[in-house]
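Secondary and tertiary structure notes
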Amino acid sequence: MKAGTHCPGDGAAVNSGPDTNGDGILQDSEVTKTEYVCDRVILGNVTVYSQLELLALADVVAITGDLDISHTDNVVNVDLPALKHVGGDLNLDYLRELRNVSLPALERVGGSIKFSSLPKVDRLDLRALRNIGMGLRVAENPELVAMDFTSLQYLNGSMWVLKNPKLTELGLSSLRWADELILWNVATKRLELPQLYDVRALSIADGTSTELHLPALAYVRATIVIAGMKQLQRLELPVLNRVVEKFIVRDTQVLTSFSLPNLQELPGEFDLWSNAGLTTFDVPKLQSIGGWLYISDNDALTTLSGLKNVTSVGGMLMLYGNARLTTPEGLAALRSVGSYIQVERSGFTDFHLPSLNRAWILIIGRLGGENQQLKSIRLPGLEVARSLTLVGNPELDTLDLPAARFITDSLFISFTPKLASCRVEALLGSLLAPPPKVELHDLDTRPICQ
């Protein structure tokens, strides 16, 4: 029989009494005594400083408070085979002589878990862990090779796994949902989270993985960042549908292409920068970007065709560097930009956005950020802009804005010696009203417009 409320944890009720009718079965009416055998439960917090103290916990099933083992050289083996529940925090920190961590029956931790500064530990065995009330931190364990969290499906708080340079086995094969997942400096060659479906924030950075597979990830409620993955060759996010705040891939070296075939909703930013080997990317179902579109210093990038269906950018459009990108033709469907358009240090020869009809501020070039090869700017559908600034475009000789009707604030052109001033004057004459501020310097003043 169950112990009911008589045990703080699990247990059993043991009945005894005379078998008065001799049938070999103790009937309820024959019970004269009931004893309760309870699993061992410790009420409150437990702090351990020595191996002897830890041995005394070998049969403990539950600790209602915290379990803290930290800042001691007198513990070499944390092996608690019976422990199923920790009501508070589980903390193993700065244990220089610890060699083994085995908690194979642990199912639930009500607070947070911390495994850090364990220089001799190579494995963490928490194979039965299903629920963590708060966060998990595994950090600065130089010999850690493998973690086993294979039963963990949901994480209410943050998981930080960082500075474990030999970690090759994450053991997160069942994880489906997490608030925040931070994986930095992971050494596994194939980094895969096969069941992860929904996460608020995901950051994978500075590891040595060559492949990153997130086959089930559909929703990112804030930000996804892939950064500093110098050896990454393959990035797979086949069902990713919505990213609320930011999608960022940066500082990769050998990643040449990637596709987000199902990404349809991006209220926030799309950022690609400093990806040395990236030649192409594809986001075929994306039609609008609510925040910034930032493409910078991807020196092998040759096309923006992966954005061919994007019609609006709610924030800034920033195109910096990208030495081999000679035209923005991949943005041919773009109709509106809600904030700045900035083009600096580009490889563009022709800046042509055929569908753009509305922009706020256009800044093309600057001193120190010259567009050395840019010869023409063609915005045939642009009707309204607040300001237009052209600075440091030494080869620019064509400025074509035939539909422009209003530049409501300012026109500033400087250090653009091949652009004929008479063509700029013609543009000003075509506007329904001239901008309040006009500054023109270092233009070609020859009368070549007749």
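Below is a short write-up of the structure. (Residues numbered from 1 in each chain as written. Predicted model: local features only at pLDDT ≥ 70, side-chain atom pairs only at ≥ 80, totals over all residues. Heavy atoms only, no water.)

Further remarks concern the overall build of the protein. A count of helical and extended segments in the protein gives two helices and 41 strands. Computed over C-alpha atoms, the radius of gyration of the protein comes to 32 Å, more than 25% over the 22 Å expected from 2.2 N^0.38 for 450 residues, which places it beyond the range of a compact globule. Considered along the principal axes of its C-alpha atoms, the protein spans approximately 125 × 45 × 35 Å. Counting over 450 residues, the protein shows a buried share of 50%. A separation threshold of at least 6 residues defines the contact pool for the protein, and within that pool the share at least 24 residues apart is 30%. Surface accessibility of the protein: about 19,300 Å² in total, with carbon and sulfur atoms responsible for 50%. Both charge centroids of the protein, one from 40 positive and one from 51 negative side chains, sit 6 Å from each other. (Helix = DSSP H or I, 4+ residues; strand = E, 2+ residues; numbered from the N terminus. Rg over C-alpha atoms; globule rule 2.2 N^0.38 Å. Buried < 20%, exposed > 50% of the residue type's maximum accessible area, 1.4 Å probe, protein only. Contact = heavy atoms within 4.5 Å. Areas by Shrake-Rupley, 256 points an atom, 1.4 Å probe, with all protein chains shown as cover. Lys, Arg positive; Asp, Glu negative; His and termini not counted. Charge placed at Lys NZ, Arg CZ, Asp CG, Glu CD.)

Under the definition given, this model contains 22 salt bridges. A salt bridge links Lys120 to Glu97; the nearest nitrogen and oxygen atoms lie 2.9 Å apart. A residue pair is termed long-range when its members are at least 10 positions apart, and Lys120 in the loop between β12 (113-116) and β13 (123-125) and Glu97 in the loop between β9 (90-93) and β10 (100-102) qualify at 23 residues. Classification of Lys120 by relative accessible area gives partly exposed; the value is 36%. With relative accessibility at 25%, the residue Glu97 sits in the partly exposed group. In this structure, Arg386 engages Asp409 in a salt bridge whose closest nitrogen and oxygen atoms are separated by 3.7 Å. Placement of Arg386 in strand β38 (residues 384-391) and of Asp409 in strand β40 (residues 406-414) is noted, with a sequence separation of 23 residues between them. Connected via shared salt-bridge partners are Glu97, Arg99 and Lys120. (Salt bridge = Lys/Arg side-chain N within 4 Å of Asp/Glu carboxyl O.)

Below, the discussion takes up the sheet that holds strand β29 (residues 288-289). Read across the open sheet, the three strands follow the order β29-β31-β33; overall the sheet is parallel. What marks the edges here is a single partner per strand, and that holds for β29 and β33 (336-337). (Pairing = 2+ DSSP bridges.)

Now for empty space enclosed by the protein. Throughout the structure, instances matching the rule amount to one cavity of 30 Å³ or more. In this structure, the largest cavity encloses a volume near 40 Å³. For the largest cavity, the full set of lining residues is Leu362, Leu382, Glu383, Val384, Ala385, Leu388, Leu401, Ala404, Phe406 and Ile407. Those elements that provide at least two residues to the lining of the largest cavity are β38 and β40. Looking at the lining of the largest cavity residue by residue, the class counts come to nine nonpolar, no polar and one charged. (1 Å grid on protein atoms, 1.4 Å probe; cavity = no way out; pocket = protein on both sides within 12 Å on 5 of 7 lines; lining within 4 Å. Points joined across faces, edges and corners; volume = space filled by probe spheres on them. Nonpolar A, V, L, I, M, F, W, Y, C, P; charged D, E, K, R; others polar.)

Attention shifts here to the nonpolar core. With 121 residues, the main nonpolar core has Leu67, Phe115, Phe270, Phe281 and Phe351 as its most contacted residues. Not counting chain neighbours up to four residues away, the residues in contact with Leu67 comprise Val46, Val48, Leu57, Leu80, Leu83, Val86, Asp89, Leu90 and Asn91. (Core = buried A, V, L, I, M, F, W, Y, C linked by side-chain atoms within 4.5 Å.)

What the four strands build is an open sheet, ordered β7-β10-β13-β16; its pairing is parallel. Since the sheet does not close on itself, it has two edges, and those belong to β7 (77-79) and β16 (146-148), each with one partner. Neighbour-to-neighbour, the strand axes of the sheet open up by a mean angle of 10°, direction not taken into account. In this sheet, β10 lies alongside β7 in parallel orientation, the contact comprising three bridges. Within the sheet, the bridge partner assigned to Asn77 lies in β10 and is Asn100. (Axes fitted to C-alpha atoms, helices over the stretch in contact; angles between N-to-C directions.)

This part is about the environment of Ser117. Secondary-structure assignment places Ser117 in the loop between β12 and β13. Taking the C-alpha atoms as reference, Ser117 lies 8.8 Å from Val138; in sequence the two are 21 residues apart. Residues within four places of Ser117 in sequence aside, it is in contact with Asp93, Tyr94, Leu95, Ala139, Glu140 and Asn141.

In this section: the side chain of Asp350. Tracing the chain through its elements places Asp350 in strand β35 (residues 350-352). Its relative accessible area of 17% is what places Asp350 among the buried residues. A distance of 2.6 Å separates polar atoms of two side chains, one belonging to Asp350 and the other to Ser376. At 2.5 Å, the side chain of Asp350 and the side chain of Arg378 are in polar contact. (Polar contact = N/O pair within 3.5 Å; in protein donor to acceptor, adjacent residues only side chain to side chain.)

What follows deals with the packing of aromatic side chains. Under the counting rule described, the total for this entry stands at 10 aromatic pairs. Arranged with centres 5.6 Å apart and planes meeting at 50°, the rings of Trp273 and Tyr294 form a pair that is tilted. Of this pair, Trp273 sits in strand β27 (residues 269-273) while Tyr294 sits in strand β30 (residues 293-296); the two residues are 21 residues apart in sequence, bridging distant segments of the chain. A residue is classified by how much of its surface remains accessible, and Trp273, at 23% relative accessible area, is partly exposed. (Phe/Tyr/Trp six-rings, centres within 6.5 Å; stacked < 30°, edge-to-face > 60°.)

Before going further, it helps to examine helix α2 (residues 421-430). One full turn of an α-helix is made of 3.6 residues, so residues set three or four places apart face in the same direction. Those residues of α2 lying buried are Ser421, Val424, Leu427 and Leu428. The arc that holds every buried residue of α2, seen down its axis, measures 115°, which confines them to one face. For α2, the elements touching its buried residues are β39 (398-400), β40 and β41 (437-440). (Arc of directions from axis to C-beta.)

Turning to the pairing of β12, a few remarks are in order. In this structure, β9 lies alongside β12, joined through four bridges in parallel fashion. Looking at the pairing, Leu92 lines up with Phe115 of β12. Of the strand pairs in this sheet, β12 and strand β15 (residues 136-139) are connected by four bridges, and their pairing is parallel. Each residue of the ladder has a partner; that of Phe115, found in β15, is Val138.

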